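So the chains spell out like this:
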Amino acid sequence: MTRALALLLLLAATAPAAAGDAKAGRAKAVSCQACHGLDGLSKLPDAPNLAGQVEPYLVKALTEFRNGTRKNEVMSVAAQELTDSDIANLAAYYSGIQIDVVPPG
């Protein structure tokens, strides 16, 4: 019994956080599209591509912009209004975009 409880606790502690809703993230991404594109491909030279980025990285970056740990003139302001749910949803959306890498020919 103790062994089963320990295993259950271990599984609960290592389970990933609930993933965001990509559909809700796409709707929220409308406000991101001027710089990052709705397709996640940057429209400005100073804005990074978000398509295909790893979901935990996007969550971390947006959270850090929101709390001031990471600073950028535009993103520090834009992230202020994002909720945890918005961040999870945006990360789910942008990380779910399939990108193809084609080497120069």
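What counts and what doesn't
- Residues numbered from 1 in each chain as written.
- Predicted model: local features only at pLDDT ≥ 70, side-chain atom pairs only at ≥ 80, totals over all residues.
- Heavy atoms only, no water.
- Core = buried A, V, L, I, M, F, W, Y, C linked by side-chain atoms within 4.5 Å.
- Buried < 20%, exposed > 50% of the residue type's maximum accessible area, 1.4 Å probe, protein only.
- Helix = DSSP H or I, 4+ residues; strand = E, 2+ residues; numbered from the N terminus.
- Contact = heavy atoms within 4.5 Å.
- Patch = residues over 30% accessible without salt bridge, like charges linked within 9 Å, V, L, I, M, F, W, Y side chains within 5 Å.
- Areas by Shrake-Rupley, 256 points an atom, 1.4 Å probe, with all protein chains shown as cover.
- Salt bridge = Lys/Arg side-chain N within 4 Å of Asp/Glu carboxyl O.
- Axes fitted to C-alpha atoms, helices over the stretch in contact; angles between N-to-C directions.
- Parallel < 35°, antiparallel > 145°, perpendicular 65-115°, else oblique.
- Left-handed = near helix turned anticlockwise from the far one by under 90°.
- Nonpolar A, V, L, I, M, F, W, Y, C, P; charged D, E, K, R; others polar.

Asker: Looking at this structure, how should I read the nonpolar core?
Answerer: Taken as a class, soluble globular proteins show a tendency for nonpolar side chains to be buried jointly. Counting 15 residues, the largest nonpolar core has Leu-62, Leu-82, Leu-90 and Tyr-94 as the members making the most contacts within it. Those elements that place two or more of their residues in this core are α4 (55-67) and α6 (84-95). No other element matches the five residues that α6 contributes to this core. Residues contacting Leu-62, with those up to four places away along its chain left out, are Met-75, Ala-79, Leu-82, Ile-87 and Leu-90.

Asker: Explanation requested: a nonpolar patch on the surface in the structure shown.
Answerer: Taken together, Leu-41, Ile-99 and Val-101 make up a surface patch of nonpolar side chains, about 280 Å² in accessible area. With respect to the helices and strands, Ile-99 occurs in the segment after α6. On the basis of relative accessibility, which here comes to 39%, the residue Ile-99 falls in the partly exposed class.

Asker: What is the right way to look at the pattern of salt bridges in this model?
Answerer: If charged atoms from side chains of opposite charge come close, those side chains can pair. For the structure shown, the criterion picks out four salt bridges. Of the charged contacts in the structure, one is a salt bridge between Glu-64 and Lys-60, with a shortest N-O distance of 2.6 Å. Note that Glu-64 and Lys-60 are positioned in helix α4 at a spacing of four residues, about one turn of the helix. Classification of Glu-64 as buried rests on a relative accessible area of 18%. Since its relative accessible area comes to 48%, Lys-60 is described here as partly exposed. Residue Asp-84 is joined to Arg-66 by a salt bridge in which the shortest nitrogen-to-oxygen separation is 2.6 Å. Of this pair, Asp-84 sits in helix α6 while Arg-66 sits in helix α4, and the two are 18 residues apart along the sequence. On the basis of relative accessible area, Arg-66 is assigned to the partly exposed category, the value being 21%.

Asker: Quick question: what am I supposed to make of the packing of α4 against α6 here?
Answerer: Any two packed helices are characterised by the angle at which their axes cross and by the distance between the axes. Their axes nearest at 8 Å, the elements α4 and α6 cross at an angle of 140 degrees. Looking at the two axes, α4 sits oblique to α6. Like other packed secondary-structure pairs, α4 and α6 cross with a definite hand, here right-handed. Along the contact surface, α4 presents Glu-55, Leu-58, Val-59, Leu-62, Thr-63 and Arg-66, while α6 presents Asp-84, Ile-87, Ala-88, Leu-90, Ala-91, Ala-92, Tyr-94 and Ser-95. Here the contact of α4 with α6 is built from residues that sort into nine nonpolar, two polar and three charged.

Keep in mind these numbers describe shape, not what the thing actually does.
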